[in-house]
Amino acid sequence: MQTPIKDLMKRALKHSTAEYCEIRVEETTETAIRIRGKDIELVAQNVSAGGNVRALYRGGWGFISFNRLDDLEKKVEEACAQARILGERLNKDIKLYPVEPVEDYVPGNFKREAFAVPLKDKMALLEGYNKLILGCPEITSSSIGYFDRHTHWHFANSEGTYIYQEKMDLGGGLAAIATKDKLTTQDSARFGSNNDYNVALGLEDEVREAAEAARQMLYAPVVEAGQYTVILDPDMAGLFVHEAFGHLSEADDLDEDERMKELLKIGTRYGTGELNIYDSGIEGPNRGECKYDDEGVPMQRTYLIKNGVIAGHLHSRESAVKMGEAATGNARALSYRFPPIVRMRTTCIAPGKHAFEEMLKGISLGIYVQGGYGGQTNGEMFTFAPSKAYMIRNGSIAEMVRDVNLTGNVFDTLRNIDMIGNDFVYKNSPGGCGKGGQSPLPVAQGSPHVRIRNVVVGGEKK
Amino acid sequence: MKSLLEEAVARGADATLVATESRNASVSFEANRLKRVGSTESLNLDMQVIKAGKLGIASSTKPGTEMQLLENALDVAQFGSDVSYSFPEPEPPASPKVYDQAVADVDVDRMISIGEELIEFIKALDPAIQGSASVSARVIHKSIYNTRGLDASLDKTLFTVSAGFQFVEGQNLLQSWDWNASTDLEYDLETMKATLKADFDIGRKNVEVKPGVYDVLLTPVGFQALISPILACLDGRAVMRGISPFKDRIGEEIFAPSFSLIDDGTMDGGLSSQLYDDQGVVCRRTPLIEKGVLREYLLDLESAHRLGRRPIGTGSPGGANPNNLLVIPGETGWEELLRGMKKGIVIDHTMGAWAGNPYTGTVTGNIALGYLVEDGEKVGRVKDCMFSLNVFTHLKSNLLALSRDVKDLGGLLLPYCLIGGVSIASRES
């Protein structure tokens, strides 16, 4: 499969009339399973295959995506013609960060291939979890989702690079749903990996814990709105750093805005000396990590904040040149239907020095939040919602509360981090990140516990 | 496609095939300049088979692999859901007008000039502003076939214009955007410009908002946050599983009499109009909530069958999928509603309001773009605060008015909504 596509791509690139041209060709097979309550709701086998051509001429980009690969030369000519139409209007000298041309063949180094596991085994595993959930006290329903994807990815550009990568992605959520009177609550165990089906196995304890949390939530009061000191568990802290600072570090939103560049200038202090934030594509078996990004740039670990001070940004080849920095391997695309834009991979807060018990001390009234349910940012503000939350009273974890949603101002909140835990956990969930209409892109997070002062919590005001 | 269905029958299966071909042309402007011209051709084949009472689903974007698609669907059907329905006999559909040859023929130069007009307008607001815009023209040909004789197709066009800006002053980031989508080549750039200018003029002044309970005017964009949990509760599958609080409440008044919600797949110009849903059920117009009374759920074939109701053309293989959704507007213009507010908050863009548990009805989110209102005037932007309300109680007891102005948010047609008693949490200085 490799050789004919490589030759096809290289031949087609000879038709380029642009300053730079690249072709991506992908084929992904996906298995998707959904179980709700006693019903198997969906079992599907999907194939997504196609390609795109992206061309740059005098500052203008042309982009074409397609399903049929039989006239690739024509697609190259069309994308180049689009770029030239723009380039002739713009006439801008936009360079791409230089990357050494490479020919590389990167087969999947998978620990256990999800796509090789028979469907009947996956069904048996998920139906087993479902039975366990439905047998837990006060649980009335369930919601189980699972997917695995196997991708053959080919990339070639007019600079002489050709890369093949084999990728795997899998994820799932095992949610227990409790209903009493007119109130429905839920909690879930979640998993994800880019190389190992085994992460889906042996989750019985997590499933039981989720079912018990959903049951307890039936009796939990709604949180009272206000401003609190909040301790985030590693899962939630990972979501926080993704929303609160990761997106702001994506340089394609900064590179032509002088005021934003000033706000995020390297050397600016935004936290205590204990705060270190990095984004990486090489940490381990996390969703979204691989050897090369969608511009053929090797992934790496990139420090965004070092000892409380801005240390770097996330880049594509274009944004790197515009900001005078190096490409970081963060140009990623959801699929062949989209051009690459700057995206995170595994975003982490490095461990600090504080034990969890130390963080609790001194909080007379606060909230301990666990499990990142979801978050969002618009640059200056962000929100994040936990799966479950407990009040902290006089330095001890107290009663569970529900319907907690937190918000903060990015710049103030980083400064309000006053303790970073000495633990560290990677979190891989089945969801993903959204930006520029490309969602859900697989990403992961890693973090210790983190304590933040003055976090605004929405809810009822009593 | 006919031979594929014949093969399915020969293999002892009933089948439905949905084939969607589309081509899209777009231009995009970033950082005040033209950045990209793009075009997309896509093909999606979605197949459902029922064999021995079990449903198998497969899809493919790979041309020329139809027989493999059938094999995949039959393979997974062995493990698929038990279904209590059959694919429907064809019924005559409505014929919504959703195609405009002018959209199919629009050239890139015209799309560029639309974007340039918007970018020039934004740039004129301030030398430091960062404007973005995009214009796209899409042509869709969707066909549906089943082994009961259904063979229908619909051509649709979509023309979308969007524009927005980011303006940074110190650590203040002001973002605003607006868009206009239609099935024909009609667009209203002046209203978009007016929206962006109003946000630029007022949004640069921050004002403090004290925590408390306020009247709130939700713009159509803001109102979406309240509609999402209602749709989750109307989903026939959630009702079927007993987790929706709307279970066994058909005929009951669950919202204020001024609130009506309709699903309509037959509207001329409807961005989500279609002939048949993805299970082959003919689309129609169905009141879901009529004058506050629950009339119908969003149904797919399975939930309709199990709940003993007639399918309404909102089905897909995995559950319900609404067509155009309309909240019936009120009689007062939104500006008049604003002028009538003594003290309150306008909520336009929200963040994170989707993150709650829809079945409790609680909606809590950050006010990403909102304004404090005093004596009928927006006096400045509110930031770093959360709003919180309960859809079930607030739309029943606290709904003050709906505007006559409606915006189409991509098949979701909403008015402005004035609502009382909304809890606001904010940073304490």
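Here is what the cut-offs are and how they apply
- Residues numbered from 1 in each chain as written.
- Chains lettered and ligands numbered in written order.
- Predicted model: local features only at pLDDT ≥ 70, side-chain atom pairs only at ≥ 80, totals over all residues.
- Heavy atoms only, no water.
- Helix = DSSP H or I, 4+ residues; strand = E, 2+ residues; numbered from the N terminus.
- Rg over C-alpha atoms; globule rule 2.2 N^0.38 Å.
- Buried < 20%, exposed > 50% of the residue type's maximum accessible area, 1.4 Å probe, protein only.
- Contact = heavy atoms within 4.5 Å.
- Areas by Shrake-Rupley, 256 points an atom, 1.4 Å probe, with all protein chains shown as cover.
- Lys, Arg positive; Asp, Glu negative; His and termini not counted.
- Charge placed at Lys NZ, Arg CZ, Asp CG, Glu CD.
- Phe/Tyr/Trp six-rings, centres within 6.5 Å; stacked < 30°, edge-to-face > 60°.
- Domains from an automatic or database assignment.
- Buried area = accessible area lost by both parts, 1.4 Å probe.
- Core = buried A, V, L, I, M, F, W, Y, C linked by side-chain atoms within 4.5 Å.
- Expected span 1.5 Å × (residues − 1).
- Salt bridge = Lys/Arg side-chain N within 4 Å of Asp/Glu carboxyl O.
- Pairing = 2+ DSSP bridges.
- Axes fitted to C-alpha atoms, helices over the stretch in contact; angles between N-to-C directions.
- Polar contact = N/O pair within 3.5 Å; in protein donor to acceptor, adjacent residues only side chain to side chain.
- Nonpolar A, V, L, I, M, F, W, Y, C, P; charged D, E, K, R; others polar.

Visitor: Would you take a moment to explain the overall build of chain A for this structure?
Guide: For chain A, the helix and strand inventory stands at 9 helices and 24 strands. The C-alpha radius of gyration computed for chain A amounts to 24 Å, which stays within 12% of the reference 23 Å derived for 462 residues, consistent with globular compactness. When the 462 residues of chain A are sorted by exposure, 64% land in the buried category. Of all intrachain contacts in chain A linking residues separated by at least 6 positions in sequence, the fraction that spans at least 24 positions is 74%. Looking at chain A as shown, the accessible area adds up to about 16100 Å², and 49% of this sits on carbon and sulfur atoms. Computing the positive centroid from 55 side-chain charges and the negative centroid from 64, chain A places the two 1 Å apart.

Visitor: Looking at this model, I keep getting lost on the packing of aromatic side chains. Mind explaining?
Guide: For any pair of aromatic rings, the description consists of the separation of the ring centres together with the inter-plane angle of the planes. Using the criterion set out here, one finds 22 aromatic pairs over all chains in the structure. Between F240(A) and F384(A), the ring centres sit 5.6 Å apart and the planes meet at 55°, which makes this aromatic pair tilted. In this pair, F240(A) is assigned in helix 5 (residues 234-246) and F384(A) in strand 16 (residues 381-393), connecting sequence segments 144 residues apart. The pair formed by F240(A) and F384(A) is uniform in burial state, with each residue classed as buried. Arranged with centres 5.6 Å apart and planes meeting at 35°, the rings of W177(B) and W179(B) form a pair that is tilted. What links up through ring pairs into an aromatic cluster is the set F246(B), F255(B), F259(B) and F392(B).

Visitor: Sorry if this is basic, but what is going on with the domain arrangement of chain B here?
Guide: Put simply, an interface is often sized by how much accessible area is lost when its parts join up. Residues and elements named next belong to chain B. Domain boundaries assigned for chain B yield domain 1 (2-202) and domain 2 (205-429). Computed from C-alpha atoms alone, the centre-to-centre distance between domain 1 and domain 2 is 23 Å. Of the residues lining the interface, 42 residues belong to domain 1; the matching set on domain 2 comes to 39 residues. A combined buried area of about 3200 Å² lies between domain 1 and domain 2, and 56% of that area is made up of carbon and sulfur atoms. Among the residues of domain 1 in contact with domain 2, Y85, W179 and I202 are the three that bury the most area, contributing 19% of the side total.

Visitor: I would appreciate a short explanation of the nonpolar core in the present structure.
Guide: Most often, soluble globular proteins have nonpolar side chains that are buried together. Core analysis: the biggest nonpolar cluster contains 62 residues, and F223(B), I230(B), F246(B), F255(B), F259(B), I345(B) and L395(B) have the highest contact counts within it. By residue number, the principal contributor to this core is helix 6 (residues 220-234) of chain B, which donates 9 residues. For this core, the two domains that each supply at least three residues are domain 1 (2-202) and domain 2 (205-429) of chain B. Among residues more than four places away in sequence, those in contact with L395(B) are L226(B), I230(B), F255(B), A256(B), F259(B), N390(B), C417(B) and I419(B). By size, the runner-up hydrophobic cluster in this structure holds 48 residues, among which are L248(A), I367(A), V369(A) and M391(A).

Visitor: How should helix 2 (residues 66-77) of chain B be read in this particular structure?
Guide: What sets the pattern is the α-helix's 3.6 residues per turn: residues three or four places apart point alike. An ideal rise of 1.5 Å per residue puts 16 Å on 12 residues; helix 2 of chain B measures up with 17 Å between its terminal C-alpha atoms. Along helix 2 of chain B, the residues that are buried comprise L69(B), L70(B), N72(B), A73(B), L74(B), V76(B) and A77(B).

Visitor: Please clarify how the pattern of salt bridges should be interpreted in this entry.
Guide: Where charged atoms of side chains with opposite charge meet at close range, the side chains can pair. In total, this model carries 74 salt bridges over all chains according to the counting rule given. A salt bridge links E138(A) to R215(A), with the nearest nitrogen and oxygen atoms 3.3 Å apart. Of the two residues, E138(A) sits in the loop between helix 3 (119-134) and strand 5 (139-157) while R215(A) sits in helix 4 (residues 204-217), which places them 77 residues apart along the sequence. A relative accessible area of 32% means that E138(A) is categorised as partly exposed. E302(B) is the partner of R306(B) in a salt bridge, and the nearest nitrogen-oxygen pair spans 2.8 Å. Within this pair, R306(B) and its partner E302(B) are both found in helix 8 (residues 301-307), separated by 4 residues, close to a single helical turn. Classification of E302(B) as buried rests on a relative accessible area of 5%.

Visitor: I keep staring at the sheet that holds strand 11 (residues 309-310) of chain A and nothing clicks. Help me out?
Guide: Backbone-to-backbone hydrogen bonds join strands into a sheet, with any given pair of strands oriented parallel or antiparallel. All names here are of chain A. Strand order across the open sheet formed by 6 strands is 11-10-9-14-23-20, with mixed pairing between neighbours. At either end of the open sheet lies a strand with only one pairing partner, and these are strand 11 and strand 20 (425-427). In this sheet, strand 11 lies alongside strand 10 (residues 301-306) in antiparallel orientation, the contact comprising 2 bridges. Note on strand 11: the bridge partner recorded for I305 is I310. Against the sheet, helix 5 makes contact with strand 9 (277-280), strand 10, strand 11, strand 14 (346-349), strand 20 and strand 23 (444-447), and its axis sits at roughly 115° relative to strand 23, the strand it touches most.

Visitor: Can you walk me through the interface of chain B and chain A in this structure?
Guide: Listed per partner, the contact involves 77 residues of chain B and 88 residues of chain A. Summing both partners gives a buried area of about 6800 Å² for chain B against chain A, and 51% of it is carried by carbon and sulfur. Inspection of the chain B/chain A interface yields 13 salt bridges. At the junction of chain B and chain A, the tally comes to 43 residue pairs in polar contact (both at pLDDT 80 or more). The class makeup of the residues in the side of chain B that touches chain A is 28 nonpolar, 32 polar and 17 charged. Note: strand 3 (residues 60-66) of chain A against strand 2 (residues 33-51) of chain B, 5 bridges, orientation parallel. In the sheet register, W61(A) faces strand 2 of chain B, and the bridge partner there is R36(B).

Visitor: Got a minute to help me understand the environment of S280(A) in this structure?
Guide: Residue and element names in this part refer to chain A. On the secondary structure map, S280 appears in strand 9. For the pair S280 and R301, spaced 21 residues apart in the sequence, the C-alpha separation amounts to 4.0 Å. Each residue touching S280, except ones within four places of it in the same chain, is listed here: E289, Q300, R301, R345 and T346. Of note is the side chain of S280, whose polar atom sits 3.1 Å from the backbone nitrogen of I282.

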